[in-house]
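# Descriptive structure summary
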Amino acid sequence: AMCDAPLVACEGACRDFRTDPDHCGGCGRACASGICVDGMCSDALAGHVVVIGHDYTVGRPGMNRIAGNAVFLVRSSPVRVLTWEGS
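This write-up is about the structure you can find in this document. (Residues numbered from 1 in each chain as written. Predicted model: local features only at pLDDT ≥ 70, side-chain atom pairs only at ≥ 80, totals over all residues. Heavy atoms only, no water.)

Take the overall build of the protein chain next. Along its length, the protein chain carries one helix and four strands. Within the protein chain, buried positions represent 24% of all 87 residues. When contacts within the protein chain are restricted to residue pairs at least 6 apart in sequence, those whose partners lie at least 24 apart make up 18%. In the structure as shown, the protein chain presents an accessible area of about 6,400 Å², 55% of it carried by carbon and sulfur atoms. (Helix = DSSP H or I, 4+ residues; strand = E, 2+ residues; numbered from the N terminus. Buried < 20%, exposed > 50% of the residue type's maximum accessible area, 1.4 Å probe, protein only. Contact = heavy atoms within 4.5 Å. Areas by Shrake-Rupley, 256 points an atom, 1.4 Å probe, with all protein chains shown as cover.)

Following this line, the structure appears as structure tokens:
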């Protein structure tokens, strides 16, 4: 595949190694958290990420762990969760 920068040919498609959680920093390098920032996987540690936009078109265990951390490890009460379904 011919790709325009910053996209790179990988597994038969053009990928952005800076943001693609399935090809983060290189072809086939998947992030367990489902979050790739500047070519590096972001951790799924409590307090490290606030979930504001997972679309769950592709589910990943790390994304579920981040959501669980954001909701259940909060040290305040009450815990508030907002969900939105739409496009």
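What follows deals with the state of the cysteines. Where two cysteines share a covalent bond between their sulfur atoms, that bond is called a disulfide. With the rule as written, the count across this model stands at four disulfides. Each sulfur of the disulfide joining Cys3 and Cys14 lies 2.1 Å from the other. Residues Cys3 and Cys14 are joined through a disulfide that is left-handed, its torsion about the S-S bond being -90°. Placement of Cys3 in the segment before strand E1 (8-10) and of Cys14 in strand E2 (residues 13-15) is noted, with a sequence separation of 11 residues between them. Note that Cys31 is cross-linked by a disulfide to Cys41, the S-S spacing being 2.1 Å. Taking the torsion about the sulfur-sulfur bond, which here is approximately -85°, the covalent link between Cys31 and Cys41 counts as left-handed. Placement of the pair is Cys31 in the loop between E2 and strand E3 (36-37) and Cys41 in strand E4 (residues 40-41), with a sequence separation of 10 residues. When the cysteines of the protein chain that form disulfides are numbered from the N-terminus onward, they connect as 1-3, 2-5, 4-7, 6-8. (Disulfide = S-S within 2.5 Å.)

It is worth spelling out unusual backbone geometry at this point. Pro6 follows Ala5 through a cis peptide bond whose omega is 10°. We note that Glu11 has phi near 50°; this positive angle belongs to a residue other than glycine. Considering the arrangement of structural elements, one finds Glu11 in the loop between E1 and E2. A positive phi is found at Asp38, a non-glycine position, where the angle reads about 55°. With respect to the helices, strands and loops of the structure, Asp38 is situated in the loop between E3 and E4. Look at Asp38 and you get exposed, because its relative accessible area is 68%.

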